[in-house]
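Chain and residue survey
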Amino acid sequence: MSTVTAPPRAARHSASSARPGSTARPWTGTGALVRLFLRRDRVRIVGWVLAIGSTVAATVPALEATFPDAASRQARAAILANPSAVMMTGPGFGLENYTFGAMVANELSLALFVAVAIMSILLVVRNTRAEEESGRTEILRALPVGQFAPAAAALLHVALANLALALAVVAGLVGTGMETASSLAMGLATALTGLVFGAVAAVTTQVTARARSASGMAVAVLAVTFVVRGIGDVLDPLGSWLSWLSPIAWAQQTRLFVDLRWWPLVLSAALAVVLLLVAVSLAQRRDLGAGLRQERLGSSVAASALLSVPGLARRLLRGSFFGWAISLFVMGVAFGSLATSLQDMVEEVPEVGQWIGAGRGDLTTAFGAAMLAFLALGVGGFAVGAVLRLRTEEETGRVEAMLTTGASRLGWAGAWFGVVAVQAVLLLLLAGLGLGLGVGAAAGESGIIGRITVAALAYTPAVLVLAGFALALLGWLPRAASLAWAVVAWAVFVGWIGALLDLPGVLAGLSPVHHTPAVPAESASAAPLLVMSLIALVTVVAGLVGFRRRDVGA
Amino acid sequence: MGTFAIEAHQLVKTFGAARALDGFDLTVETGQIAGFLGPNGSGKSTTIRVLLGMLRADSGTADVLGLDSWRDAVDLHRRLAYVAGDVSLWPNLTGGEIIDLLTRIHRGPRGSARRAQLLERFDLDPAKKARTYSKGNRQKVALVAALCSDVELYLFDEPTSGLDPLMEAVFTDEVRRLREQGRTVLLSSHILAEVEKLCDTVTIIRGGRAVESGTLAQLRHLTRSAVTATTTADPAVLRAAPGVHDLTRDNHYLRFDVDDSQISAVLGLLAQVGVQNLTISPPSLEELFLRHYGDDVGPAADLGKAERVR
Ligand SMILES: Nc1ncnc2c1ncn2[C@@H]1O[C@H](COP(=O)(O)OP(=O)(O)OP(=O)(O)O)[C@@H](O)[C@H]1O
Ligand SMILES: [Mg+2]
């Protein structure tokens, strides 16, 4: 009976929706899509907002406890002139009278901006290119949804997420008694920086047909802007012309809590708009599902190197491996080259030496050690991402295809992990080499190149603990495997602002990188490395056992 | 009676509260082509994945090629080929690379004649990246890889979904060829014509249980033929006859179903009554399935099941 009435109803429906779907109303359905995306991402967004908001709110009281008087704050200000500190903080406004506000602005804001940029990139790619790649956009577009609606909705969605985050930042600052105007400015700067990188991702998702490369490209842009402003700030402590080339610097140049000015944020807003227009114009030039580049033909026969599990793993991880290899090497050289400014600094400000550990030996080496720890975190990120690719392989059903070709479960997961481990070691060496070359050239001593390169290997156990934890989750809690990222995020947090907040040892100790001796400045004591190697081994074995006994595709 | 390539008994598989398999039995003789039918979500793919050792059954046994499907999965996989219901390929490998990867242990030389022949028959360009294949072409990559493999058992989960009729015919042809070579095939499908053409035996699963199983001929016997006739006489005698069901009369136009076992008796009655014309259509497989797929499989049908299952 219902089948009799259905056709006329369907016909009427499609007749009324035919026009909005065409170019006349390309934005139709945007609101509904925003609601869909918010529903899909609510846990993620709340997680980001809570993590960042609580970090901000916790910072001010922590600073008050760690730096109770003006003298201690001035001592802290002095060490900020050191290039490795400038790299990880920003232009040093108000160092002569170092208030809590100036501290928050100088030492917390960069981490905040990078975090919000990463959040925005991930959200945009997830709701645009990843959806398109999976074919779900096609389903949506077949509904009465305009041509631009999915992209517009993704951007509105990320704007809302940034707004929520900005509110959390403002609340965290004002709630702990910080000055209102600058708190608002910091919130706005956070949101606009997020939007800029969301817009960058909107452009990269047009350029490439793969979600993974789209986020890779956007994160690479973030890394470049990070390094550019770092070098710029080292050249001139209040920001040189080079800093001004980076959108991250604009947010920092608002001189929060020192001498507030709003106008640099206009630059951020303008760039976000320009990038969005670029994204829209690129979007009109391509078909749904396609990138700007046409897919080339490949080989019709497989090379022998591909015909094994390690071969396949190498092939599938190739893009990510080379991307990280280039980035880590270039960053290493860039960081390392900052060592030039070290010597003058020490002469002017003796506290610098104290901060990076004067007792541990020569200053250049100490600087190298501090930068090496940062690069090692990047390798940890690569390793976790590479292990979690196993989950993608499983969710798409490709693991089953490989297992039915005679690979055992142990062979599959074990060989994959082996490839990741080897590539992680190579990346560590490469990052160490880059850093060594940079430091060696800047400090004019070639001996340090080899020392830093070898020292990088000390981070192998820490990286393997991160990767092993991801594998253990994959074996036992496959649906929660992406929690492994939380540990990486924690390690970054501890390495970056943990010292500033004077985190309790137990909490800081959750980061494996924290336990690695600061080589080459410290001697590589074997005990922590052995313990971490053992932990890595246990997690890997646990992961393999778990993967062997559970359902595939669960 | 030969040996069994697949012997599954009382399989139970639950996902949380849902019972995907609920005491399911399946046997396939070596050298046979077995059809595997059932409505959406009835447990076909789950069964195949248990047989492959991808899923671990909560209880019951699954022996495939004489091996335990969970414990001996790796040895088992060397002797079978599988095409998943939902083919997903590595987007940035080419079709040719994927075929070589999936057949890496079954075949020595990559440029084998059989591979080339299958690529040609399925009209597939192996140099294209998997990302750029259409749905049907992705399916063909998986099929070529499986058919290239020289193994004892082939498991196909809805192998022809997405194939055009021409390619479907090629597939049918290839499966017949496997039968000639004495290979065993288990084929799940929603395309009844395909099952009818290819399969020696059929198992119907519903709600995780086997509701029918046997050769097509056996299944047909359990059904009724449809009779239409034109007659001026009173059909009362027919209505009362054993084995006649659902008799309707519209003017002189008479329709009813008759149990196949009663056909000759009913024909006699029809001759007595006198008819102007007569058609008897054998039960189509479709009718058989619809009876098992639809909601109207009431308790009566379930009661009858015990005798119907071989
Ligand atoms: N991983 C899983 N988690 C939860 N439930 C599952 C899972 N896999 C299958 N199921 C459930 O088990 C039941 C059987 O699913 P299965 O995929 O075997 O059906 P099917 O017969 O292959 O259906 P179709 O004809 O649509 O392919 C369904 O109800 C399905 O929802
Ligand atoms: Mg299925």
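What you see is a predicted model; the values in this text were computed from it and never measured. Sequence order sets the numbering: in each chain, residues are counted from 1 along the sequence as written. Each chain is given a letter, starting from A, and each ligand a number, starting from 1, according to the order in which they appear as written. Residue-level local features of this predicted model are given only where pLDDT is at least 70; pairs of side-chain atoms are given and counted only at 80 or more, and the full residue set underlies all totals for whole chains, interfaces and linings. With hydrogens and water stripped out, all remaining heavy atoms of the structure feed into the side-chain values.

**Structural notes on the overall build of chain A**
Helix and strand counts for chain A come out as 25 helices and 0 strands. Taking 554 residues into account, the globule formula puts the C-alpha radius of gyration at 24 Å, and chain A, at 25 Å, falls close to it. Each of the three principal axes of chain A carries a C-alpha extent, and together these read 90 × 60 × 40 Å. Burial classification: accessible surface area is computed with a 1.4 Å probe over protein chains only, and a residue below 20% of its type maximum counts as buried, one above 50% as exposed, and the rest as partly exposed. Each of the 554 residues in chain A was classed as buried or not, and the buried ones make up 53%. For chain A, contacts bridging at least 24 residues in sequence account for 77% of all contacts bridging at least 6. Where accessible areas are quoted, they stem from the Shrake-Rupley method and a 1.4 Å probe; at the residue level, only the protein chains shown are allowed to cover. When the accessible surface of chain A is summed, it comes to about 22,800 Å², and 68% of that surface belongs to carbon and sulfur atoms. For the purposes of this entry, the term helix denotes a DSSP run of H or I that reaches at least four residues, the term strand denotes a run of E that reaches at least two, and both are numbered from the N terminus. Between the two quantities, the radius of gyration covers C-alpha atoms and the globule rule is 2.2 Å times the number of residues to the power 0.38. Whether two residues are in contact is decided by their heavy atoms, any of which lying within 4.5 Å being enough.

**Brief notes about the overall build of chain B**
If you tally the helices and strands in chain B, you get 12 helices and 14 strands. Relative to its 310 residues, chain B shows a buried fraction of 51%. Long-range pairs, those at least 24 residues apart, make up 65% of the contacts in chain B between residues at least 6 apart in sequence. Accessible area for chain B stands at about 13,500 Å²; split by element, carbon and sulfur atoms hold 50% of it.

**A closer look at the packing of helix H4 (residues 113-121) of chain B against helix H6 (residues 165-180) of chain B**
Simply put, an axis is a line fit to the C-alpha atoms, just over the touching stretch for a helix, and the angle between two N-to-C directions goes from 0 to 180 degrees. Running from N to C, H4 of chain B and H6 of chain B point in directions that differ by 145 degrees, and their axes come no closer than 10 Å. Here Arg114, Gln117, Leu118 and Arg121 of chain B of H4 of chain B lie close against H6 of chain B, whose contacting residues are Met167, Val170, Asp173, Glu174 and Arg177 of chain B.

**Topic: the nonpolar core**
Throughout this description, the term nonpolar core refers to a set of buried Ala, Val, Leu, Ile, Met, Phe, Trp, Tyr and Cys residues connected via side-chain atoms within 4.5 Å. Trp412 of chain A together with Ile6, Phe156 and Leu186 of chain B are the most contacted members of the largest nonpolar core, which has 228 residues in total. Broken down by element, the residue count for this core peaks at 14 residues, all from helix H17 (residues 363-395) of chain A. Once you skip the residues sitting within four places of it in the chain, Phe156 of chain B turns out to touch Ile48, Val83, Leu143, Ala146, Leu147, Phe171, Val175, Val185, Leu186, Leu187 and Ser188 of chain B. Core analysis: the second largest hydrophobic core is formed by 11 residues, Val227, Val266, Leu269 and Leu270 of chain B among them.

**Focus: the interface of chain B and chain A**
If you look at the interface, chain B gives 36 residues, while chain A gives 38 residues. Between chain B and chain A, a total of about 3,200 Å² is buried, with carbon and sulfur atoms accounting for 55% of that surface. Salt bridges are defined by distance alone: a side-chain nitrogen of Lys or Arg within 4 Å of a carboxyl oxygen of Asp or Glu. Run the count over chain B and chain A and you get 3 salt bridges. Residue Arg315 of chain A pairs with Glu97 of chain B through a salt bridge whose shortest N-O separation is 3.2 Å. Under the rule applied, a polar contact is a pair of N or O atoms within 3.5 Å (in protein, one hydrogen donor and one hydrogen acceptor; residues adjacent in sequence only if both atoms are side-chain atoms). Counting across the chain B and chain A interface gives 18 residue pairs in polar contact (both at pLDDT 80 or more). When contributions to the side of chain B that touches chain A are tallied by element, the ones reaching two or more residues are helix H2 (73-77), strand S6 (80-83) and helix H3 (95-102) of chain B. The element best represented in the side of chain B that touches chain A is H3 of chain B, accounting for 5 residues. Under the grouping applied here, Gly and all other residues not named as nonpolar or charged are polar, the nonpolar ones being Ala, Val, Leu, Ile, Met, Phe, Trp, Tyr, Cys and Pro and the charged ones Asp, Glu, Lys and Arg. Residue classes in the side of chain B that touches chain A are distributed as 16 nonpolar, 7 polar and 13 charged. Once two parts are brought into contact, the accessible area they lose, counted with a 1.4 Å probe and summed over both, makes up the buried area.

**With respect to unusual backbone geometry**
For the peptide bond that leads from Val519 of chain A to Pro520 of chain A, omega is -5 degrees, which places it in the cis range. A positive phi is found at Gln10 of chain B, a non-glycine position, where the angle reads about 50 degrees. Its place among the elements puts Gln10 of chain B in strand S1 (residues 4-15). With a relative accessible area of 46%, Gln10 of chain B lands in the partly exposed category.

**A look at the site of ligand 1**
Residues and elements named next belong to chain B. When at least one non-hydrogen atom of a residue lies within 4 Å of a molecule or strand, that residue is treated as near it. Around ligand 1, the structure places Phe15, Ala20, Pro39, Asn40, Gly41, Ser42, Gly43, Lys44, Ser45, Thr46, Glu158 and His190. In the model, an oxygen atom of ligand 1 is placed 2.7 Å from a nitrogen or oxygen of the Ser45 side chain. The protein chains hide 63% of the 640 Å² of surface that ligand 1 would expose on its own. Sorting elements by how many residues they give to the shell around ligand 1 places helix H1 (residues 44-51) first, with 3 residues. Looking at the shell around ligand 1 residue by residue, the class counts come to 3 nonpolar, 7 polar and 2 charged.

**What to know about the domain arrangement of chain A**
Residues and elements named next belong to chain A. Structurally, chain A comprises domain 1 (27-289) and domain 2 (303-554). Each domain's extent is set by a domain assignment, obtained either automatically or from a database. Computed over C-alpha atoms, the centres of domain 1 and domain 2 are 25 Å apart. Each partner contributes to the interface: domain 1 provides 27 residues, whereas domain 2 provides 23 residues. Carbon and sulfur atoms supply 80% of the area buried between domain 1 and domain 2, which totals about 2,300 Å² over both sides. At the surface where domain 1 touches domain 2, the tally comes to 1 residue pair in polar contact (both at pLDDT 80 or more). Counting residues per element, the ones that place at least two in the side of domain 1 that touches domain 2 are helix H2 (30-66), helix H3 (70-79), helix H4 (83-88), helix H6 (109-127) and helix H11 (211-235). With 6 residues, the single largest contributor to the side of domain 1 that touches domain 2 is H11. Its residues placed into classes, the side of domain 1 that touches domain 2 shows 19 nonpolar, 5 polar and 3 charged.

**Here we look at the pattern of salt bridges**
Pairing between side chains of opposite charge can happen when their charged atoms approach one another. Scanning all chains against the criterion turns up 22 salt bridges over all chains. The residue Asp233 of chain A makes a salt bridge to Arg229 of chain A at a minimum N-O spacing of 3.5 Å. Of this pair, Asp233 of chain A and Arg229 of chain A both sit in helix H11, 4 residues apart, roughly one helical turn. Comparing Asp233 of chain A with Arg229 of chain A shows no difference in burial state: the two are buried. For the salt bridge of Arg71 of chain B with Asp72 of chain B, the shortest nitrogen-to-oxygen distance reads 3.8 Å. Judged by its relative accessible area of 19%, Asp72 of chain B falls in the buried class.

**Considering the confidence of the model for chain B**
Residue and element names in this part refer to chain B. A residue's pLDDT is simply how confident the predictor is in it, with values from 0 to 100. For chain B, the average pLDDT comes to 86, and 89% of its residues sit at 70 or higher. Contacts of residues 296-310 to residues separated by more than four positions or lying in other chains number 17 contacts, the stretch itself having pLDDT below 50. Listed scores for the predicted complex are pTM 0.84 and ipTM 0.81.

**A look at empty space enclosed by the protein**
Residues and elements named next belong to chain A. Here a cavity denotes a set of grid points, spaced 1 Å apart and computed over the protein atoms alone, in which a 1.4 Å probe fits but from which it cannot get out, and a pocket denotes an open set meeting protein on both sides within 12 Å along at least five of seven lines; residues with an atom within 4 Å of a point are reported as lining. Grid points are joined across faces, edges and corners, and a volume is the space filled by probe spheres set on the points. Across all of its chains, the model carries 2 cavities of 30 Å³ or more by this definition. The space that makes up the largest cavity amounts to roughly 80 Å³. Lining the largest cavity are Gly90, Pro91, Phe93, Ala105, Asn106, Ser109, Gln252, Arg255, Leu256 and Val258. Looking at the lining of the largest cavity, its residues break down into 5 nonpolar, 4 polar and 1 charged. Leu390, Glu394, Val399, Trp412, Ala413, Leu474 and Phe547 together form the lining of the second largest cavity. Listing elements by their share of the lining of the second largest cavity, those giving two or more residues are H17 and helix H19 (409-443). Residue classes in the lining of the second largest cavity are distributed as 6 nonpolar, no polar and 1 charged.

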